[in-house]
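Structural overview
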Amino acid sequence: MRTIRVTGKGQIKVKPDMTRITITLSGLYKDYGETLRRSSDNTEALKDVLSGFGFARSDLKTLSFRVDTEYENYRDGNNDYRRRFVGYRFNHVTKVEFASDNDRLGRVLYALAACPVRPEFQISFTVKDPESAKNLLLGKAVADAKEKAAVLSGAAGVALKEIQSIDYSWGEIDFEYRPMNGALLAEKCLAEPMDARYDMDIEPDDIEASDTVTVIWEIA
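Parameters and conventions
Starting afresh in each chain, residues are numbered from 1 along the sequence in its written order. Residues qualify for local features only when their pLDDT is at least 70, as the model is predicted, and side-chain atom pairs are given and counted only at 80 or more; totals for whole chains, interfaces and linings, by contrast, use all residues. Note: side-chain values were computed over all heavy atoms of the structure, leaving out hydrogens and water. Two aromatic rings from Phe, Tyr or Trp, using only the six-membered ring of Trp, form a pair when their centres are within 6.5 Å; if the ring planes differ by under 30 degrees the pair is stacked, by over 60 it is edge-to-face, and anything between is tilted. In this text, helices come from DSSP runs of H or I with a minimum length of four residues, and strands from runs of E with a minimum of two, each type numbered from the N-terminal end. Relative accessible area decides the class of each residue, using a 1.4 Å probe on protein chains only: under 20% of the type maximum gives buried, over 50% gives exposed, and in between gives partly exposed. Given a helix with a known number of residues, its expected span is that number minus one, times 1.5 Å. To obtain the arc, one takes the directions from the helix axis to the C-beta atoms. Contact between two residues is taken to exist if any of their heavy atoms lie within 4.5 Å; hydrogens are not considered. Side-chain atoms alone can form a polar contact between residues adjacent in sequence; in general such a contact is a pair of N or O atoms within 3.5 Å, and within protein one must be able to donate a hydrogen while the other accepts it. Residue types Ala, Val, Leu, Ile, Met, Phe, Trp, Tyr and Cys, when buried and joined through side-chain atoms within 4.5 Å, form a set referred to as a nonpolar core. Strand pairing is assigned whenever DSSP identifies at least 2 bridges connecting the two strands.

**As for the packing of aromatic side chains**
We describe a pair of aromatic rings using the distance from one ring centre to the other and the angle between the two ring planes. In the structure shown here, the tally under the stated rule is six aromatic pairs. Note on F53 and Y110: the rings are 6.2 Å apart at their centroids and 50 degrees apart in plane angle, and the pair reads as tilted. Here F53, found in the loop between α1 (32-51) and β3 (61-75), pairs with Y110, found in helix α2 (residues 102-114); they are 57 residues apart in sequence, far enough to count as distant. The two residues F53 and Y110 agree in class, both being buried. The structure contains a cluster of three or more aromatic residues connected by ring pairs, namely Y32, Y71, F85 and Y88.

In structure tokens, the structure reads:
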């Protein structure tokens, strides 16, 4: 059986409609139990603050959590390098998401600034329905493969018959636009009314994504 193998590429631009705030809490303590307790207390404090700005406590989702031992190097009395235990460091990465709204974003940023645990945070933008965007992307990739196959088979004087296989990588497509190069540290602000907010004027760029599929046709 003779076949032709063609790779098609799909490209789309999607307007982000969801705002994601990635929030990192961390701390270093001598005792392992104390480290876990402080991590839990800080997370609850963050939930307390966010709940005053329209979020349910369950809206704060954990992305990752880890506790690592930390050491430091020093010189002893003989000027030789030694290594000593400093403590246990926890790192808890969380997120909250909401329909894009600059007014609400300003309120969330104020909430983080008012938080006593001073978390690091990063703003990004994504889409509410990534599956629909993925399906559109794959459809464009298959259409591109079909168009290329028609050109190639016509130039070669052969006819396309049945599709024998379609190969797709099934890799994760990242529909997230990150305008910030790094995380910001929330600085505690002066006491203000709970309806206080920072004025934000952010219009995120479209999210560009691409993917490929490989299609094999039988030819005659």
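**Things to note about α1**
The periodicity of an α-helix, 3.6 residues per turn, causes residues three or four positions apart to be oriented the same way. Given a rise of 1.5 Å per residue, 20 residues ought to cover 28 Å, and the 29 Å separating the end C-alpha atoms of α1 matches this to within 8%. When α1 is considered as a whole, its buried residues turn out to be T35, S39, N42, T43, A45, L46, V49 and L50. Buried residues in α1, looked at end-on, bunch into an arc of 160 degrees, giving them a common side. Here the buried face of α1 lies against β2 (18-29), β3, β4 (81-99) and α2. Two or three places before G33, at the start of α1, stands the capping residue D31, its side-chain oxygen 3.0 Å from that residue's backbone nitrogen.

**A look at the nonpolar core**
Core analysis: the biggest nonpolar cluster contains 23 residues, and I21, I23, L46, L50 and I123 have the highest contact counts within it. Elements with a contribution of two residues or more to this core: β2, α1, β4, α2 and β5 (120-126). No other element matches α2, which puts six residues into this core. When residues no more than four places from it in sequence are discounted, the contact partners of I23 are L46, L50, L60, H92, V93, T94, V96, L112, P119, E120 and F121. In this structure, I4, V6, I173 and W217 belong to the second largest nonpolar core, which totals 19 residues.

**What about the pairing of strand β9 (residues 207-219)?**
For β9, the tally of buried residues reaches 10 of 13 residues, placing the bulk of the element in the interior. In the sheet, strand β1 (residues 3-14) pairs with β9 via 12 bridges, with the strands oriented antiparallel. Pairing of T3 across the sheet is with E218, part of β9. In this sheet, β9 lies alongside strand β6 (residues 160-168) in antiparallel orientation, the contact comprising six bridges. If you follow Y168 over to β9, its bridge partner there is V213.

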